[in-house]
Every structure is written in structure tokens, then in C-alpha cells.
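# Chains, contacts and geometry: an overview
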Amino acid sequence: MLQIIPIKDLKNTGEISQLCHDINEPIYITKNGYGDMVIMSIQAFEERMFMQDVYHKLGASELDVSEGRIRNAKQSLKCIREQHNV
């Protein structure tokens, strides 16, 4: 569930920290009624960064396929063996 809190509530660091860990989602901080910052637990941040990396790699893979940069298993193994003199 989307959490929005005013910046003045950041005084309660223990409660904010617990909330970050409990909801495992970003918390939006407002200042004078407008969005100002986002905070989250390290675990939530690392999960989002991991998924961003996965999506980036999937996008690059789809581009390779659409542009015909693909090999079958035999071609791939041959290339690896040549690169590593195996």
C-alpha cells in the first residue's frame, strides 16, 4: 500500500525504519504538500536494483534476437572452446 508521510515525521526515525522494513516498499516524503523524497529499506532497494538489472538484460537479449545475433548450442560451444583453447 502506498505510504505518504510529511517530512516532519522523519523525527521518529525508529518508527520510520520499522515501517520501511514492515511494508518493504518505498515511502514517499512530502514537503509543504509536495513530493520531495523517497525512502526504503536496503532490502527493498537491493530487490528493485536486481529486478532492474534483470529487465535490462532481458531487453538486451530481445534486441539480440530481433537483430539475428543468435547461435545454436553447437555454435556457442565451438566459440567457447576456441576462446579458451579447449
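Now for a description of the structure that goes with this document. Throughout this document, residue positions are counted from 1 along each chain, in the order its sequence is written. Local features in this predicted model are restricted to residues whose pLDDT is 70 or higher, and side-chain atom pairs enter the listing and the counts only when it is 80 or higher, whereas totals over whole chains, interfaces and linings include all residues. Only hydrogens and water are removed before side-chain values are computed, so all heavy atoms of the structure are retained for them.

### Some points on the overall build of the protein chain
Note on conventions: DSSP H or I runs of at least 4 residues are helices, E runs of at least 2 residues are strands, and numbering of each starts at the N terminus. A count of helical and extended segments in the protein chain gives 3 helices and 3 strands. Traced from its N-terminal end to its C-terminal end, the protein chain shows the element sequence β-α-β-β-α-α. Its C-alpha radius of gyration of 22 Å places the protein chain more than 25% over the 12 Å reference for a compact globule of 86 residues. Taken over the C-alpha atoms alone, the protein chain extends approximately 60 × 25 × 20 Å along its principal axes. Exposure classes here rest on a 1.4 Å probe applied to the protein chains alone. A residue is buried below 20% of its type maximum, exposed above 50%, and partly exposed in between. Split into buried and exposed, the 86 residues of the protein chain put 12% on the buried side. Here the globule rule is a power law, 2.2 Å times the number of residues to the power 0.38, and the radius of gyration is based on C-alpha atoms.

### So, the environment of Lys 74
Note on placement: Lys 74 falls in helix α3 (residues 73-83). Taking the C-alpha atoms as reference points, Lys 74 and Met 51, 23 residues apart in sequence, are found 31 Å from one another.

### Topic: the nonpolar core
Counting 5 residues, the largest nonpolar core consists of Ile 5, Ile 16, Cys 20, Ile 27 and Ile 29. Elements represented by at least two residues in this core include exactly α1 (13-23) and β2 (27-31). In what follows, a contact means two residues having at least one pair of non-hydrogen atoms within 4.5 Å. Those residues in contact with Ile 5 that lie beyond four places of it in its chain are Leu 10, Ile 16, Ile 27, Tyr 28, Ile 29 and Thr 30. For this analysis, a nonpolar core means a set of buried residues of the types Ala, Val, Leu, Ile, Met, Phe, Trp, Tyr and Cys, connected via side-chain atoms within 4.5 Å.

### Description of unusual backbone geometry
Residues other than glycine seldom take positive phi values, yet Asn 24 does so here, at roughly 50°. Using a relative accessible area of 23% as the deciding quantity, one classes Asn 24 as partly exposed. The backbone of Asn 85 shows a phi angle near 50°, a positive value even though the residue is not glycine. Residue classification places Asn 85 among the exposed residues on the basis of a relative accessible area of 73%.

### Examining the environment of Val 65
By the secondary structure assignment, Val 65 is in helix α2 (residues 42-66). As a C-alpha pair, Val 65 and Gly 33 span 32 residues in sequence and 47 Å in three-dimensional space.

### A look at the sheet that holds strand β3 (residues 34-39)
Paired strands, in this sense, are two strands between which DSSP finds at least two bridges. Taken together, 3 strands build an open sheet; the order of strands is β1-β2-β3 and the sheet is mixed. Of all strands in the sheet, those bounded by a partner on one side alone are β1 (3-6) and β3. Strand after strand, the sheet turns through a mean of 35° between neighbouring axes, direction not considered. Helix axes use the C-alpha atoms of the stretch in contact, all axes being lines fitted to C-alpha atoms, and the angles between their N-to-C directions lie in the range 0 to 180 degrees. Of the strands in this sheet, β1, β2 and β3 touch α1, which is tilted by about 140° from β2.

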